[in-house]
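Inside the fold
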Amino acid sequence: MNVPEALARCLQDTLFIAYEFHYFSFAKPRQRHDGMTVRATEALNLLYIFDNYVLDLDRRELRSGATVVAMEPQVFDLLVHLIRRREHVVSRGELIESIWGGRIVSESALSTRINAVRCAIGDSGTEQRLIKTLPRKGVRFVGEVREERKPSEALSANSPQRSAAQPIDVRQAIGGLPATQAQGAEIIIGHSQELSPVIPASRGSRRFFASRAMLASIAAIGVLCLSALAWSYFARSAQSERTRANIETAARLIGISETINMTSREDYEAARALRQWAVDLDPHHAEALADLTFAIVTGVLNHWSSDEVADLHAADLALQDALAIAPANKRVRGAQCQILRGMRQFEAAIKACSELAQNFPGYAFLHKEIGYDKLMMGQSSEALPEFLEADRLEPNSRLRWSWQQGIGLVYLMEGQDQKAIDWLSRAALEAPNAGNPAAFLASAYALVGREQEAHEALAHYLKLWPNTTLQTFEPSIGTAAFNGNMQRVLEGLRLAGMPE
């Protein structure tokens, strides 16, 4: 609807409202007794008690014993909604409608808020003791909850607040008349009117009053209409400017994040934060969603994540949004390949990456992913050509260290220690803060008897990861064949001096 049409519609509504005002100007207003105020008060006085926590709606506090747990308002509202709807699985759409008022919210932002709720109540994405995630369906509060009211704050039937809310009979107040209908009264438009004691105004004065009231109402509502239209126009303009600014800022954040080579936990956290910010500003940017997926899964694969289950769920939600927007985009499909490896679906990852490589034959990242998937399946001889193909396609890539590490690891598993040293040395030089290349290099040095170099490489690794033990490198995500191949790597780490 354009501005002239909206103005005409507004004025039409104004005339109708003015007519109603004129028609009912002498009617006694109806009184409404729906108990909404009482019900709202009762709801505020409600306490939810679960585990070691008390959720106080009136004070908007979550308490653990005598300690108030710090929570953002949005996180608090999310917890309240989940507890109130604890008998049901709460979908993403319901949460967005209830907590964000239907505004556009990225899946990763929603997952971040759910993780914040879990953190506040001592839960985690791995344990899911109180809040359970049901993939593709939603979340549900599964803890046992007891409801109690605060009796000291409840309104009694004879309290001053309740008495003040009761309607007052004017006839009793000024004339001591009985509350029942008196003689001479009649019903006009459904309202009892006392006619006999009232001295009506003259016909002319009533018309004059109604006319002036009607004109005043038309003028007032017309001004409101014009003001509303003007506000709407400028609000839309301002919103458009904000949207444009958000998109531009998101693009800049994406550019900055892509300059960060995620070879350490600090780099990963910085890149993830920037990409999350970009998605929050522009939730319809498919490549921003794909980059966020890359960052989260990279953290999981390198054991930088503090909650791998929750992070993989957040990555999957971001990826689904990206696929809905741009299903054929190279980066989006590349993120899909990587997340399948993060979820240990190696065969599905190989199939997806191989199909995508046919459409994008120069995309080295895909061959790197296929190489690691085959390595995890114990197919080291088949993994090696994929790593070498990635190195041939993009010899100057910032990710080169990752497939150099893969090549060195294959050679180390197969007993070709000198080749392993050559490739792992390159990876360690290109990504000195990555850690794993230095650890594998220490293993290779130790296996060929170069003890001093082995100790130096291991010391560099332990400086980055001081609490690491040999058990950290115990295979946990690959197949039995991969676990068998890793035994030689573990033996080299033991010889290099890795703590047990």
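Just so we're clear, the structure is a prediction, and the values are computed from it rather than from any experiment.

Let us now look at the overall build of the protein chain. When you go through the protein chain residue by residue, the secondary structure sums to 20 helices and nine strands. Across the 500 residues that make up the protein chain, the buried fraction comes to 40%. Across the protein chain, every contact between residues at least 6 apart in sequence was considered, and the portion connecting residues at least 24 apart equals 59%. By element, 55% of the accessible surface of the protein chain is carried by carbon and sulfur atoms, the whole surface being about 27,500 Å².

Time to look at the confidence of the model for the protein chain. Per-residue pLDDT for the protein chain averages 77, and the proportion of residues at 70 or more is 72%. Across residues 19-39 the pLDDT falls below 50, and counting only partners more than four positions away or on other chains, this stretch makes 15 contacts in the model.

A one-sided burial pattern is seen for strand S5 (residues 131-134), the buried positions being Ile131 and Thr133 and the unburied ones Lys132 and Leu134. Of the strand pairs in this sheet, S5 and strand S6 (residues 138-141) are connected by four bridges, and their pairing is antiparallel. In the strand pairing of S6, Thr133 is matched with Val139. Counted along the chain from S5 to the antiparallel partner S6, the turn is three residues long, and its residue Arg136 has a positive phi close to 70°.

Moving on: the pattern of salt bridges. Summed over all chains, the structure comprises 22 salt bridges. Ionic pairing is found between Asp291 and Arg331, a salt bridge with its closest N-O pair at 2.4 Å. Here Arg331 lies in helix H12 (residues 330-342) and Asp291 lies in helix H10 (residues 286-301), a separation of 40 residues in the sequence. Note that Arg494 is salt-bridged to Glu500, the shortest N-O span being 3.1 Å.

By size, the foremost hydrophobic cluster in this structure holds 84 residues, and its most contacted members are Leu366, Leu375, Phe473, Val489 and Leu493. The dominant element in this core, judged by the number of residues it contributes, is H10, at nine residues. Setting aside its immediate chain neighbours within four residues, Val489 contacts Leu409, Leu412, Met413, Phe440 and Ser443. Core analysis: the next-biggest nonpolar cluster, separate from the first, contains 32 residues, Tyr53, Phe76, Val80 and Ile96 among them.

Taken as a whole, this structure holds six aromatic pairs when the rule is applied. When the centroid spacing of 5.7 Å and the interplanar angle of 25° are considered together, the rings of Phe50 and Tyr53 count as stacked. The burial state of Phe50 is the same as that of Tyr53; both residues are buried. Ring geometry for Tyr372 versus Phe387: centroids 4.9 Å apart, planes at 75°, classification edge-to-face. Within this pair, whereas Tyr372 is found in helix H14 (residues 364-376), its partner Phe387 is found in helix H15 (residues 380-393), the two being separated by 15 residues in sequence. With respect to burial, Tyr372 and Phe387 carry one shared label: buried. The ring of Tyr363 carries the charged tip of Lys330 above its face, separated from the ring centre by 4.7 Å. For Arg426, the ring lying beneath its charged end belongs to Trp423, and the centroid distance is 4.1 Å.

With respect to the helices and strands, the residue Gln345 is situated in the loop between H12 and helix H13 (346-359). For Gln345, a relative accessible area of 37% translates into the label partly exposed. Distance in space between the C-alpha atoms of Gln345 and Asp373 is 8.6 Å, their sequence separation being 28 residues.

Time to look at unusual backbone geometry. One non-glycine residue with positive phi stands out, namely Asp51, at about 50°. Summarising the element assignment, Asp51 is placed in the loop between strand S1 (46-50) and strand S2 (53-56). Within the chain, Arg344 stands out as a residue other than glycine whose phi angle is a positive 65°.

Take the sheet that holds strand S4 (residues 67-69) next. Across the sheet, which stays open at both edges, the five strands sit in the order S4-S3-S2-S1-S7 with antiparallel pairing between neighbours. Every interior strand has two partners, whereas the edge strands, S4 and strand S7 (145-149), have only one. When the angles between neighbouring strand axes are averaged without regard to direction, this sheet yields 30°. Summarising the sheet, strand S3 (residues 61-64) and S4 pair through three bridges and their orientation is antiparallel. In the sheet register, Leu62 faces S4, and the bridge partner there is Val69. Packed on one face of the sheet, helix H3 (residues 73-84) meets S1, S2, S3 and S7 and runs near 100° to S2.

Because each turn of an α-helix spans 3.6 residues, side chains separated by three or four positions end up pointing in the same direction. Of all the residues in helix H4 (residues 92-99), the buried ones are Glu94, Leu95, Ile96 and Ile99. Elements in contact with the buried residues of H4: H3, helix H5 (107-120) and S6.

A separate point is the environment of Met413. As for its position among the elements, Met413 is in helix H16 (residues 400-413). A relative accessible area of 10% places Met413 in the buried class. Sequence spacing of Met413 and Ser380 is 33 residues, and the spatial spacing of their C-alpha atoms is 8.0 Å. Residues within four places of Met413 in sequence aside, it is in contact with Leu375, Phe482, Asn485, Met486, Arg488 and Val489.

One way to put it is that H16 packs onto helix H18 (residues 436-447) with a least axis distance of 10 Å and a crossing angle of 25°. In this view, H16 runs roughly parallel relative to H18, as classed from their interaxial angle. Viewed along their axes, H16 and H18 form a crossing whose handedness is left-handed. Residue-level contacts link Trp401, Gln405, Leu409 and Leu412 of H16 to Asn436, Pro437, Phe440, Ser443, Ala444 and Leu447 of H18. Class assignment of the residues belonging to the contact of H16 with H18 gives a composition of seven nonpolar, three polar and no charged.

What follows deals with the packing of H15 against H16. Two numbers describe a pair of packed helices, the interaxial angle and the distance between the axes. At a minimum axis distance of 9 Å, the contact between H15 and H16 shows a crossing angle of 150°. Classified by the interaxial angle, the pair formed by H15 and H16 is roughly antiparallel. The two elements H15 and H16 cross, and the hand of that crossing is left-handed. Taken together, the residues of H16 that come into contact with H15 (itself represented by Ser380, Ala383, Leu384, Phe387, Leu388, Ala390 and Asp391) are Arg400, Trp403, Gly406, Ile407, Val410 and Tyr411. Its residues assigned to classes, the contact of H15 with H16 comprises nine nonpolar, two polar and two charged.

Conventions and cut-offs
- Residues numbered from 1 in each chain as written.
- Predicted model: local features only at pLDDT ≥ 70, side-chain atom pairs only at ≥ 80, totals over all residues.
- Heavy atoms only, no water.
- Helix = DSSP H or I, 4+ residues; strand = E, 2+ residues; numbered from the N terminus.
- Buried < 20%, exposed > 50% of the residue type's maximum accessible area, 1.4 Å probe, protein only.
- Contact = heavy atoms within 4.5 Å.
- Areas by Shrake-Rupley, 256 points an atom, 1.4 Å probe, with all protein chains shown as cover.
- pLDDT = per-residue confidence, 0-100.
- Pairing = 2+ DSSP bridges.
- Salt bridge = Lys/Arg side-chain N within 4 Å of Asp/Glu carboxyl O.
- Core = buried A, V, L, I, M, F, W, Y, C linked by side-chain atoms within 4.5 Å.
- Phe/Tyr/Trp six-rings, centres within 6.5 Å; stacked < 30°, edge-to-face > 60°.
- Lys NZ or Arg CZ within 6 Å of the ring centre and 35° of its normal.
- Axes fitted to C-alpha atoms, helices over the stretch in contact; angles between N-to-C directions.
- Parallel < 35°, antiparallel > 145°, perpendicular 65-115°, else oblique.
- Left-handed = near helix turned anticlockwise from the far one by under 90°.
- Nonpolar A, V, L, I, M, F, W, Y, C, P; charged D, E, K, R; others polar.

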